Amino acid sequence: MRDGRLLSPFTRHFHAGSFLSAKVNSLASILQHFIESSCPFKGQALHAQIIKFHLQANTNISIKLLILYLKCGSLVHARNVFDRMPRRTLSAYNYMIAGYFKEGRSEESLDLVRKLSFSSEKPDGFTLSMALKLSASLASCRFPRQVHTQIVRLGIDSDEVVFAALIDSYVKNGNLGYARSVYDAMSVRNLVCSTALIVGYMSQRAFGKAEEIFQNITEKDAVVFNAMIEGYSKELEAAISSIEVYKMMQRLNYRPTISTFVSVIGACSLLSALDVGQQIHGQMIKMEIFSHVKCGSALLDMYSKCGEVEDARKMFDHMPERNVFTWTSIIDGYGKNGIPNEALNLFYDMKSENVGPNYATFLSVLSACGHAGLVSSGQNIFESMERDYKLKPRMEHYACMVDLLGRHGNLSEAYNFIQQIPEKPNSDVWTALLGASRLHGDLEMADAAAKEVFKLSQNGRPGAYIALSNTFAAAEKWQGVSEVRDLMKARGVSKGIGQSWMEIDKGL
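Residues numbered from 1 in each chain as written. Predicted model: local features only at pLDDT ≥ 70, side-chain atom pairs only at ≥ 80, totals over all residues. Heavy atoms only, no water.

Where an unreviewed UniProt entry is consulted, the protein appears under the name PPR repeat, with the organism given as Musa troglodytarum.

Now the structure itself:
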């Protein structure tokens, strides 16, 4: 039935002045039709007639109007209906709280949660789970505990969704101790709660605790495997475990998802495990998901980091969809594989295709300019960050510019550039100047840069001590070498031990 035909009997009543005689249930039914239709905005005409004939909408009609406006994406009109309700029910509160949250307006959503707590209505499991999601998005450390108190006070002890949201909220606010106590107190621990806690432990690099929970889960799913694989894939020391869990997932016949492949390919990138990456690439081709932009970007990055920039370029050229991460990966790949001019060309191609660069893109292209000695191009690109893209340079971009200027002998210009940085330069910036000073044998500048590094990081930059020592040694200033070595001993600075991964037939 067409929308106009649905409205026509009521329209006749409107014009006859007997709207009040229309059955409220029929009115609610028509509103429900528009809510469920693909064109809910057409139902707004019915609201206009309700207002025109001064009908006092009951609670049921008001809630349906509220839902209608939320479906239309009009939070303003939905809130207007909500505010005009003579009695705001829990259902009305929940719809508005969820509506604000869905649109990313967390503060307004949280404000309604607070208003509800002072009303005559009592929050239910949905309200509390929404409040916990809000606390996670707003990074409010105290709020999860306040909601937890409400859960205990209201006696909500069997709602798995609420407890999963509570654990997730504690995890995202960095309160892993509280998350674990909630988890341990649960009589039945569901998979969602276990996965949330695993994610928390992985973010804190508490791999042993994550493994303990993972091993105790009897009925696993792809999501919990992904949590383990992703967590391991972010750390070089644990990346091999990411691949091992992926293999376990395969053996147990769990179907990998796009997230699985992105994470395990990321682990291959960290380990420069080309053979393993190529095998996984083959599996992705069989599953026909390798062309997905996230998978393609991960593969491209892996090939670049393994030194196979030609394979990376083939991936890039054949991708049906590219995003800023794809462009950044190929630009970074060319820069890091000693082909900086091609990296710069791709940056300009990216701009011509109207793909806006992000912070990482600028870092990659500035680094490429440094390797190619393109000082003028680098300066222009750096200046375009804020001028053309409203991206305020971060400290790593300033460090990159110092390296670009200093690497090619412009040490005084690099030093003056540091003096003009609007914030206090960090140790990365001064380390870049120290490296450039050592390269050009400028002992005075190296000494000045090193002193700044030591002020900012006394024992966290062993490379800075070694760079200064080597600069003194190159100038045959042996007294200076001795003083730096003594300073390292006094501060307990260790030179550190180098490590490498080697691929063999049985693994890494």
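*Asks:* Could you clarify how one ought to interpret the environment of His33 in this entry?
*Replies:* Position of His33 among the secondary structure elements: in helix α2 (residues 24–36). As for His33 and Leu68, which are separated by 35 residues in sequence, their C-alpha atoms are 9.9 Å apart. (Helix = DSSP H or I, 4+ residues; strand = E, 2+ residues; numbered from the N terminus.)

*Asks:* What exactly am I supposed to notice about the layout of surface pockets here?
*Replies:* Empty pockets left among the atoms are what a rolling probe the size of a water molecule brings to light. In this model, the largest pocket occupies a volume close to 570 Å³. Lining the largest pocket we find 18 residues, and of these Val262, Gly266, Lys294, Ala298 and Asp301 sit closest to its centre. Of all elements in the fold, only α14 (222–233), α16 (258–271), α18 (293–305) and α20 (324–336) reach the threshold of two or more residues within the lining of the largest pocket. No other element matches α16, which puts seven residues into the lining of the largest pocket. Each residue belonging to the lining of the largest pocket can be placed in one class, and the counts come to five nonpolar, eight polar and five charged. (1 Å grid on protein atoms, 1.4 Å probe; cavity = no way out; pocket = protein on both sides within 12 Å on 5 of 7 lines; lining within 4 Å. Points joined across faces, edges and corners; volume = space filled by probe spheres on them. Nonpolar A, V, L, I, M, F, W, Y, C, P; charged D, E, K, R; others polar.)

*Asks:* Just checking my understanding: could you explain helix α9 (residues 143–154) for this structure?
*Replies:* An α-helical segment advances 3.6 residues per turn. Residues three or four places apart therefore align on the same side. With 12 residues, α9 should cover 16 Å at 1.5 Å per step; its first-to-last C-alpha distance of 17 Å lies within 8% of that length. Among all positions in α9, only Phe143, Pro144, Val147, Gln150 and Ile151 are buried. When α9 is viewed along its axis, its buried side chains cluster within an angular range of 115° and face the same direction. Away from its buried face by more than 90 degrees, α9 exposes Thr149, Val152 and Arg153. Gly155 sits one or two residues past α9 and shows a positive phi near 70°. (Expected span 1.5 Å × (residues − 1). Buried < 20%, exposed > 50% of the residue type's maximum accessible area, 1.4 Å probe, protein only. Arc of directions from axis to C-beta.)

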